[in-house]
Every structure is written in structure tokens, then in C-alpha cells.
Amino acid sequence: MAVRNRDSVAPAPSSESQMTYSRFLELLPDNDACLEYLKERFFPDGTECPKCGKASKFHRISGRSAYSCQFCGNHVYPTAGTIFHKSTVSLQLWFFAVYLMSSTRCGISAKQLEREIGVTYKTAHRMFKLIRTLLADDDEGQLEGNVVVDESAYGGKPRANESHSQILKRKSYRPTILAMVERGGRVRPLVIPDRGSRSIHMAVKQHVLPSSMLFTDEWDAYKTLARGYRGHRRIKH
Ligand SMILES: [Zn+2]
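Here the structure is a predicted model, which is why all the values come from computation and not from measurement.

**Let's talk about unusual backbone geometry**
Among all residues save glycine, negative phi is the norm, and among peptide bonds the norm is trans.
Here comes step 1: With a phi close to 55 degrees, K86 is a non-glycine residue in the positive phi region.
Here comes step 2: Along the polypeptide, K86 turns up in the loop between β5 (75-76) and α3 (91-102).
Here comes step 3: By relative accessible area, K86 is classed as exposed at 76%.

**What to know about the side chain of S199**
Here comes step 1: Considering the arrangement of structural elements, one finds S199 in helix α7 (residues 197-207).
Here comes step 2: There is a polar contact of 3.1 Å between the side chain of S199 and the side chain of D194.
Here comes step 3: Filtering out sequence-adjacent residues up to four positions away, S199 remains in contact with I192, P193 and D194.

**What to know about the packing of helix α2 (residues 31-42) against α3**
Here comes step 1: One way to put it is that α2 packs onto α3 with a least axis distance of 7 Å and a crossing angle of 70 degrees. If you check the angle between α2 and α3, you find them roughly perpendicular. Our pair here, α2 against α3, has a crossing hand that is left-handed. Each of N31, C34, L35, Y37 and L38 in α2 lies in contact with α3, whose residues at this interface are L91, Q92 and F95.
Here comes step 2: A class-by-class count of the residues in the contact of α2 with α3 yields six nonpolar, two polar and no charged.

**Side note on the coordination of the zinc ion**
Here comes step 1: In the first shell of the zinc ion, the protein supplies C49 (SG), C52 (SG), C69 (SG) and C72 (SG), at 2.3 to 2.4 Å from the metal.
Here comes step 2: In this structure, the zinc ion is coordinated by four donor atoms arranged in tetrahedral fashion, with angles at the metal of 105 to 113 degrees.
Here comes step 3: Read N to C, the donor residues that coordinate the zinc ion are spaced as C-x2-C-x16-C-x2-C.
Here comes step 4: The class of C72 is partly exposed, set by a relative accessible area of 34%.

Criteria and cut-off values
- Residues numbered from 1 in each chain as written.
- Predicted model: local features only at pLDDT ≥ 70, side-chain atom pairs only at ≥ 80, totals over all residues.
- Heavy atoms only, no water.
- Helix = DSSP H or I, 4+ residues; strand = E, 2+ residues; numbered from the N terminus.
- Buried < 20%, exposed > 50% of the residue type's maximum accessible area, 1.4 Å probe, protein only.
- Polar contact = N/O pair within 3.5 Å; in protein donor to acceptor, adjacent residues only side chain to side chain.
- Contact = heavy atoms within 4.5 Å.
- Axes fitted to C-alpha atoms, helices over the stretch in contact; angles between N-to-C directions.
- Parallel < 35°, antiparallel > 145°, perpendicular 65-115°, else oblique.
- Left-handed = near helix turned anticlockwise from the far one by under 90°.
- Nonpolar A, V, L, I, M, F, W, Y, C, P; charged D, E, K, R; others polar.
- Donors = N, O, S within 2.8 Å, 3.2 Å for Na, K, Ca; no water.
- Tetrahedral: all angles 85-135°; square planar, octahedral: opposite > 155°, others 65-115°.

Structure below.
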């Protein structure tokens, strides 16, 4: 979540406009695409099935917001445990609301949310409160101490047998949720336009103090992240 400047109504600098609406629609065109996004996030191929324990692939059950284990048929729900679960508001509207609230410097009000997504004020207000919690933007200021940085692109983590250029081609230019987590402290999730080093570095610089120790996985974009920080450890998954 961007650090907010509540005194300013000036247009945000270009770096702030992180994803355009048309790009949002292109990448998350409908509810199915949003559900698939969550499925890739929580149940990527190779995830251990909660029931049979095998490294499984989960296939969409048509007409339902569930996926089933390729081995035992166990149903899993990508929205379970999220603010989107069992909501009467469509998943895409939720995603759009998160997009609106996380991609503008000054943020938007519940009233604006009501207008933009076309729900009642009561619903907009409830969504607003939940999304604010999700984005944890009540905590002003940069994160510090030991900070774990982890990104999750639409399409999941790169596979072991993929070459770097294949990964870049297939996955780099997709909207990405970057989570920055203080050990034992605050969490700051952020929607960034892609998982390239430029986008990630910009976000980390903005949200994490230089005196921090960074922890990441071995994704290439993190290679030079240590510059300007106390230290950086890359952990093999
Ligand atoms: Zn199973």
C-alpha cells in the first residue's frame, strides 16, 4: 500500500499509477480469471492435497467456485479464509475494489467505492473496511527490522525446469501481489504491475527502511535488492 499523502490532491507521479484499468480488465477479465488467480496463489500445481496428502493438481469444478484434487477428488476453495469468501459481491468487483484502493496514492473513500463499483453504500463501506484491513494501511511509515519480501504473480511461482527467459516471457508482466512482512510486526501487501526487478525495487524502497535486513526467495529480480540495505538473505524454497 502506498504511503499516503492526505494533504495533496495533486496528480500522483507517474510511478504511482501502477496499473491502468484497461490492463486490469485484460488480466482479470471476469470472475473465473479472479478465481484462477486465487487458486494459483493458494493451490498451485504440486500443492499437497489437504485430504490425501499427495502433491496434486487441482482442476476447476464447472459451475462452482471449487477445484478438485486430481487424485482423491477432494474439493478445495481458493476463496476460503479470504475476505472474498461467500460474499454476494462478485469476485471481480472485489478485485476491482482492491485495485482501486491500492493503486492510488491518496486512496479512495467508501463513497467513491460505492460509485465506482456500483454497490450500495452499506456494501461499499463493509468492503472498504475489509480491504483496508487487508492492505494494513493504517500503519503509516516504512517497515523495519527483519523484513520478508515475497511476490506472487498471476500464474504462480516459476517452475524449476523453466529457463529464465521463459519465465520472463510467461510470467513477468502480470500483476503481482508483493507482500512485505516485518517479522513479528506489520504486513504490507501491494499490487504492482509485474514481478520485474524495477517494480519490486521501487516498492521495497518505498516501504522498507534502509536499515532493514531483507529476506527473499531466489527469484532473479531480488538479485540486486541488497543495495542500500543492511543486508539481504535469499532463501531457497
Ligand atoms: Zn487429494
